Amino acid sequence: MTPRTDASALIQDAPFAMYDAVTDIPYSGSQAAVVLNASEISPKIRSCIAREIGTPATAFVNEVNGNRIKVQFFSTVMELPMCGHGTVCLVTHLVDNAMLSCDSRNWHQAILDLPNGVAKVEYRKTKDGRIEVMLDVSAAKFTPANLDLAALAKILGIDIDDMSKELPPEIATGDFIHLCLPIRDLAAMARLQPDFDALTKFCVSNGLETIAAFSTQVVNAKRNIHVRDFCPAVGVTESAAAGTTNAALAAYLWRNNCVQADDTGPIIVCAEQGIELGRPSQVTTRIKIKNEQIIRLQVGGVATRIIEGRLNIKMEPL
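Structure report, in brief. Being a predicted model, the structure only gives us computed values, none of them experimental.

About the criteria used
- Residues numbered from 1 in each chain as written.
- Predicted model: local features only at pLDDT ≥ 70, side-chain atom pairs only at ≥ 80, totals over all residues.
- Heavy atoms only, no water.
- Helix = DSSP H or I, 4+ residues; strand = E, 2+ residues; numbered from the N terminus.
- Expected span 1.5 Å × (residues − 1).
- Buried < 20%, exposed > 50% of the residue type's maximum accessible area, 1.4 Å probe, protein only.
- 1 Å grid on protein atoms, 1.4 Å probe; cavity = no way out; pocket = protein on both sides within 12 Å on 5 of 7 lines; lining within 4 Å.
- Points joined across faces, edges and corners; volume = space filled by probe spheres on them.
- Nonpolar A, V, L, I, M, F, W, Y, C, P; charged D, E, K, R; others polar.
- Disulfide = S-S within 2.5 Å.
- Axes fitted to C-alpha atoms, helices over the stretch in contact; angles between N-to-C directions.
- Parallel < 35°, antiparallel > 145°, perpendicular 65-115°, else oblique.
- Left-handed = near helix turned anticlockwise from the far one by under 90°.
- Contact = heavy atoms within 4.5 Å.
- Salt bridge = Lys/Arg side-chain N within 4 Å of Asp/Glu carboxyl O.

With respect to helix α6 (residues 243-255)
Okay, so step 1: An ideal rise of 1.5 Å per residue puts 18 Å on 13 residues; α6 measures up with 19 Å between its terminal C-alpha atoms.
Okay, so step 2: Within the sequence span of α6, burial applies to G243, T244, T245, N246, A247, A248, L249, A250, A251, Y252, L253 and W254.
Okay, so step 3: One or two steps after α6, the chain reaches N257, where phi turns positive at roughly 60°.

Shown next as structure tokens:
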């Protein structure tokens, strides 16, 4: 007779938390989850957990060794090479749980060990006690967008005349591939109502991962850019806050002379995003220039904890 398997032996609890990224206001910004003690969770089960949680990104922490964090990010449909807003939530959660030290307002450093390499993170405690997190990202390479813009306009629910005549659409290739799509004004931004099935097909057929629509006309005069980022090809119809997208857009603004470098320090680009979704966020990008080249690009902000608890994780293959 085959011995009976105890079902409880196939279940393991794992601590997790959900945060709202790049916002200090609960229930705004873009959500990400963090799952600790994840080293024994298979990729297939990670995908199931990410779908079940349902946030745009879930970070699975395999190990924390000093300031090195072995981590993988998953969306609801795929593993992600990296995630800007997810990193803000990840580092904040590790500090909250005393897994990373942050004992002053000076910048601290951490290293993300990702499947395809490493990424540097700086973080510090702000004067109001929040944890500010800035992720180093590689500067994207830009190429002209030789696309059917009239077809894209139709998919987005706007007229082609709603696209900017002053700035060119460009493709930014970095950790993700973004179409940087300048839109004429806030009114046109508000009219964007994509057909997401058609947009997914457009992105896949043109090798794009996100459509980063933006306007230099803003709601908040303290911001530089108004952003709507459509990402159905990677599992998110519209992102309320996207770190890597905003890093690419900030570099786009610099290369198209929309923001200027000076001798006082890095260029700071402040973006507003998520307003149309009712989840406003504020994403900060820092650009350091030397000899007319980007030598450092950082993106980030703060995160706000929403939920903390434990997951029941079925450990055997599904």
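Let's talk about the layout of surface pockets
One simple way to see leftover space: roll a probe sized like a water molecule over the atoms.
Okay, so step 1: Computed from the structure, the largest pocket encloses a volume of approximately 300 Å³.
Okay, so step 2: As for the largest pocket, its lining consists of 15 residues, and the residues nearest its centre are D24, Q282, T284, G301 and V302.
Okay, so step 3: Counting residues per element, the ones that place at least two in the lining of the largest pocket are β15 (267-273) and β16 (281-290).
Okay, so step 4: Of all the elements, β16 adds the most residues to the lining of the largest pocket, at 3 residues.
Okay, so step 5: Split by residue class, the lining of the largest pocket holds 5 nonpolar, 5 polar and 5 charged.
Okay, so step 6: Size it by volume and the second largest pocket reaches roughly 170 Å³.

Structural notes on the state of the cysteines
Okay, so step 1: Taken as a whole and assessed by the stated rule, the structure comprises 0 disulfides.
Okay, so step 2: In this model C89 remains outside any disulfide bridge; the closest cysteine sulfur is found in C83, 7.9 Å from its own.
Okay, so step 3: Take C258: it sits in no disulfide, and the sulfur closest to it among the cysteines is that of C180, at 11 Å.

Some thoughts on the packing of helix α3 (residues 149-156) against helix α5 (residues 196-205)
Okay, so step 1: The contact between α3 and α5 brings their axes to 9 Å, and the two run at 150°. Put simply, α3 runs roughly antiparallel to α5. Crossing handedness for the pair α3 and α5: left-handed. Counted together, L152, I155 and L156 of α3 and A198, L199 and F202 of α5 form the full contact between these two elements.

Quick word on the pattern of salt bridges
Okay, so step 1: Counting across every chain of the model gives 15 salt bridges.
Okay, so step 2: Where R310 meets D13, a salt bridge forms, and the shortest distance between an N and an O atom there is 3.7 Å. Taken together, the positions of R310 in strand β18 (residues 303-314) and D13 in strand β1 (residues 11-21) put the pair 297 residues apart, joining distant regions of the chain.
Okay, so step 3: Judged by its relative accessible area of 54%, R310 falls in the exposed class.
Okay, so step 4: For D162, the salt bridge goes to R191, with nearest N and O atoms at 2.7 Å. Placement of D162 in the loop between α3 and β10 (170-173) and of R191 in helix α4 (residues 186-191) is noted, with a sequence separation of 29 residues between them.
Okay, so step 5: Of the residues examined, D162 reaches a relative accessible area of 4% and is grouped as buried.
Okay, so step 6: Here R191 falls in the partly exposed class, since its relative accessible area comes to 37%.
Okay, so step 7: Members of the salt-bridge network, linked through shared partners, are D162, R184, D185 and R191.

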